[in-house]
Amino acid sequence: MSGLIANFPNDGVVTINRVILKPEYTVDDLQERVAFLCENVKTYHSDTGFVGGFVALNSGAVSNEGSTIGQAVESPMKGKEALIVTFWTTFDEHEKSHQSETFQPLFQKVLDLCENGNEEIAYEMLWSGKAYGPDEIAAARQAKAQYANAS
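Residues numbered from 1 in each chain as written. Predicted model: local features only at pLDDT ≥ 70, side-chain atom pairs only at ≥ 80, totals over all residues. Heavy atoms only, no water.

## Some points on the nonpolar core
Step number 1: Within the largest apolar cluster, 15 residues are counted, with the highest numbers of intra-cluster contacts made by Val19 and Leu30.
Step number 2: Beyond its immediate chain neighbours, meaning those up to four positions away, Val19 contacts Leu30, Lys80, Glu81, Ala82, Ile84, Cys114 and Asn116.
Step number 3: Grouped together as the second largest cluster of nonpolar side chains are six residues, Ile5, Phe8, Val14 and Val85 included. (Core = buried A, V, L, I, M, F, W, Y, C linked by side-chain atoms within 4.5 Å. Buried < 20%, exposed > 50% of the residue type's maximum accessible area, 1.4 Å probe, protein only. Contact = heavy atoms within 4.5 Å.)

Shown next as structure tokens:
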């Protein structure tokens, strides 16, 4: 099952930038600068490999059910750490987008906010999916129950 990001190829590339805001900048500053950057990528690279993306801000919540590093109450990075996640058909197309004369000045404005510099990691997609719809939920649960004791 796929479809988390529409039209994202099975062998696509995901890039992740981790931004930690310098104390003198706000989330509003980040949102404004990233909005200009993302609009540029959508305008100039939607036909050269860009498939989609999102930006997520650290909410401060820490899952005690899903974490194995102790029982934290709140992330110290709340409101100052963000992830910029983009989806590309190939890594080469991603790299070419960064060489664009229109991209570089906007990218630099985002980097100016970062206390951690920037390291953009590229990942190969292994799995993506969206939640089941009502009919799929019923079928999946029925199959689990039917084959629960099969080895």
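## Things to note about the packing of aromatic side chains
Step number 1: Within this structure, the stated rule accounts for four aromatic pairs.
Step number 2: An angle of 85 degrees between the planes, with centres 5.1 Å apart, marks the rings of Phe8 and Phe87 as edge-to-face. Of this pair, Phe8 sits in the segment before strand E1 (13-20) while Phe87 is found in strand E3 (residues 81-88), placing the two residues 79 residues apart along the sequence.
Step number 3: Taken together, the aromatic side chains of Phe8, Phe54 and Phe87 make up a single cluster linked through ring pairs. (Phe/Tyr/Trp six-rings, centres within 6.5 Å; stacked < 30°, edge-to-face > 60°. Helix = DSSP H or I, 4+ residues; strand = E, 2+ residues; numbered from the N terminus.)

## As for the sheet that holds E1
Step number 1: The four strands are arranged E2-E3-E1-E4 in an open sheet whose pairing can be described as antiparallel. Edge positions in the sheet fall to strand E2 (50-57) and strand E4 (120-124), since each has one partner strand and no second. Strand-to-strand twist across the sheet, computed as the mean angle between neighbouring axes with direction ignored, equals 20 degrees.
Step number 2: Bridge analysis of E1 against E4 gives five bridges, and the strand direction is antiparallel. Considered in E4, the bridge of Val13 is made with Glu124.
Step number 3: Strands E1, E2 and E3 of the sheet are contacted by helix H1 (residues 27-45), whose axis makes an angle of about 175 degrees with E2. (Pairing = 2+ DSSP bridges. Axes fitted to C-alpha atoms, helices over the stretch in contact; angles between N-to-C directions.)

## Structural notes on the pairing of E3
Within a regular beta strand, the side chains point alternately toward one face of the sheet and then the other, so they alternate between its two faces.
Step number 1: With seven of eight residues buried, E3 is to be regarded as a mostly interior element.
Step number 2: In this structure, E1 lies alongside E3, joined through eight bridges in antiparallel fashion. Among the inter-strand pairings, Val14 is bridged to a residue of E3, identified as Phe87.
Step number 3: Sheet analysis places E2 next to E3, joined by seven bridges and oriented antiparallel. By the bridge assignment for E3, Gly52 is matched with Phe87.

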